[in-house]
Amino acid sequence: MLTITRLDIDEAHALIAGARAKATEIEVPMCIAVTDESGNLIAFERMDGGKITSIQLAIDKAFTAAGVKKSTHALGEVNQPGMPAHGLSSTLGGRMVVIAGGLPVHSNGEVIGGIGVSSGSPAQDQEVAQAGIDAVSKFYS
């Protein structure tokens, strides 16, 4: 039998709140998604003005980060032609996202979920996702 540690709804909302605060600070309305360790959606918020096309991107960034247990930014680096993960973004029906803005959420060295952010530049998406992680980091190691 396995014991699985996973984010709950309150933690998901805390991640979103941290990300929303940074998005508000930088004045870029975002779509923010949080998944459990299996990449299944727990919570989602589309800020007023968040891009419609970013809804699924945010969800898929969180899915990718949780499932692969790496940031989507890191996957982008190894998805280039000639690199070991080239073509990754076309797998799983295109759900694997290799653009910055998806981060795994860790607790005690274990991935317990993912956060995905989309609507800004890749650097802005990454910054906002990290702010979500930072907002709850005091609870996790």
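See the structure above.
Values in this document were obtained by computation on a predicted structure and should not be read as measured data.

Draft legend 1. How the structure looks around the nonpolar core. Counting residues in hydrophobic clusters, the biggest one holds 21 residues, and the most contacted among them are L15, M30, I32, V34, I115 and V117. Elements with a contribution of two residues or more to this core: α1 (9-25), β1 (31-36), β3 (102-107), β4 (110-118) and α4 (122-136). A total of five residues in this core trace back to one element, the largest contributor, which is α1. Not counting the four nearest positions on each side in its chain, V117 is found in contact with M30, C31, I32, A58, K61, G101, D125, V128 and A129.

Draft legend 2. Spatial organisation of the pairing of β4. Taken across its nine residues, β4 has eight buried, putting it largely inside the fold. Pairing of β1 with β4, which is carried by six bridges, proceeds in the antiparallel orientation. In the sheet register, C31 faces β4, and the bridge partner there is S118. Inspection of the sheet shows β3 paired to β4 by six bridges, in the antiparallel sense. Each residue of the ladder has a partner; that of H106, found in β4, is V111. Connecting β3 to the antiparallel partner β4 that follows it, the hairpin turn spans two residues, and N108 within it adopts a positive phi of roughly 50°.

Draft legend 3. Here's a closer look at the sheet that holds β3. Here we have four strands laid out as an open sheet, ordered β2-β1-β4-β3, and antiparallel in their pairing. With partners counted over all chains shown, the strands left at the sheet margins are β2 (41-46) and β3, one partner each. Across this sheet, the average inter-strand angle for adjacent strands is 15°, counted without regard to direction. As paired strands, β1 and β2 are joined by five bridges and run antiparallel to one another. Bridging across to β2, I32 finds its partner in E45.

Draft legend 4. Expanded view of the side chain of S119. Tracing the sequence through the fold places S119 in the loop between β4 and α4. You can call S119 buried: its relative accessible area is 6%. Only 3.0 Å separates the side chain of S119 from the backbone nitrogen of K51, close enough to count as a polar contact. There is a polar contact of 3.2 Å between the side chain of S119 and the side chain of S54. Excluding residues that lie within four positions of it along the chain, S119 makes contacts with V28, P29, M30, C31, G50, K51, S54 and D125.

Cut-offs and rules
Residues numbered from 1 in each chain as written. Predicted model: local features only at pLDDT ≥ 70, side-chain atom pairs only at ≥ 80, totals over all residues. Heavy atoms only, no water. Core = buried A, V, L, I, M, F, W, Y, C linked by side-chain atoms within 4.5 Å. Buried < 20%, exposed > 50% of the residue type's maximum accessible area, 1.4 Å probe, protein only. Helix = DSSP H or I, 4+ residues; strand = E, 2+ residues; numbered from the N terminus. Contact = heavy atoms within 4.5 Å. Pairing = 2+ DSSP bridges. Axes fitted to C-alpha atoms, helices over the stretch in contact; angles between N-to-C directions. Polar contact = N/O pair within 3.5 Å; in protein donor to acceptor, adjacent residues only side chain to side chain.

By themselves, these observations are geometric and do not establish any function.
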